[in-house]
Amino acid sequence: MRESTCPQCRGAARLIANPYYGAGLAVHRDLLVCEDCGFSGFAENALAESEEVVASPYESALRRILRRLAGR
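Residues numbered from 1 in each chain as written. Predicted model: local features only at pLDDT ≥ 70, side-chain atom pairs only at ≥ 80, totals over all residues. Heavy atoms only, no water.

Novice: Could you clarify how one ought to interpret the overall build of the protein in this entry?
Specialist: If you tally the helices and strands in the protein, you get 1 helix and 4 strands. Starting at the N terminus and ending at the C terminus, the protein contains elements arranged as β-β-β-β-α. Taking all contacts inside the protein whose residues are at least 6 apart in sequence as the whole, residues at least 24 apart take part in 23%. Accessible surface for the protein amounts to roughly 6100 Å². Of this, 55% is attributable to carbon and sulfur atoms. (Helix = DSSP H or I, 4+ residues; strand = E, 2+ residues; numbered from the N terminus. Contact = heavy atoms within 4.5 Å. Areas by Shrake-Rupley, 256 points an atom, 1.4 Å probe, with all protein chains shown as cover.)

Novice: How should the nonpolar core be read in this particular structure?
Specialist: Soluble globular proteins: nonpolar side chains tend toward being buried together. If you look at the biggest cluster of nonpolar residues, it comprises 6 residues: C6, A13, L15, L32, C34 and A43. When residues of this core are traced back to their parent elements, those giving at least two are β2 (12-17) and β3 (30-34). Beyond its immediate stretch of four places on either side in the chain, A13 contacts R2, E3, S4, T5, C6, L32, V33, C34 and E35. (Core = buried A, V, L, I, M, F, W, Y, C linked by side-chain atoms within 4.5 Å. Buried < 20%, exposed > 50% of the residue type's maximum accessible area, 1.4 Å probe, protein only.)

Novice: Even after reading the chapter, I still don't get the sheet that holds strand β1 (residues 2-5), so can you show me in this structure?
Specialist: Each strand in a sheet pairs with another by means of backbone hydrogen bonds, the pair being arranged parallel or else antiparallel. Spatial strand order, β1-β2-β3-β4: 4 strands in an open sheet with antiparallel pairing. Unpaired on one side and paired on the other, β1 and β4 (40-42) mark the two borders of the sheet. Across this sheet, the average inter-strand angle for adjacent strands is 35°, counted without regard to direction. Sheet topology places β3 next to β4; 3 bridges connect them, and they run antiparallel. Counterpart to L32 in the pairing with β4 is G41. (Pairing = 2+ DSSP bridges. Axes fitted to C-alpha atoms, helices over the stretch in contact; angles between N-to-C directions.)

Novice: What exactly am I supposed to notice about a nonpolar patch on the surface here?
Specialist: A cluster of nonpolar side chains, namely L62, I65, L66 and L69, defines an oily patch on the protein surface of about 450 Å² accessible area. Mapped onto the fold, L69 is located in helix α1 (residues 61-70). (Patch = residues over 30% accessible without salt bridge, like charges linked within 9 Å, V, L, I, M, F, W, Y side chains within 5 Å. Salt bridge = Lys/Arg side-chain N within 4 Å of Asp/Glu carboxyl O.)

This is the structure we're talking about:
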C-alpha cells in the first residue's frame, strides 16, 4: 500500500487502485483516502499519458489491399 498526504488536513492518506480505471471515462489510476479526516478523492496520475501504450487504429483487409495496389 502506498501512502501520500491529504490535500485538506495534510494527514496520512492511502492510495488505492481505482477499480474503474480504463473503463469508460475513468482516467485516474488511484483514489486518495485520508485516514484522519475521511477525505476521499482522485489522486494525480504518476505517469504522463504519452508514456502509456496506445493501440494502433484497426485497418480493414480491404483498406490493406487497396493500399498495396496503390504502392504505398
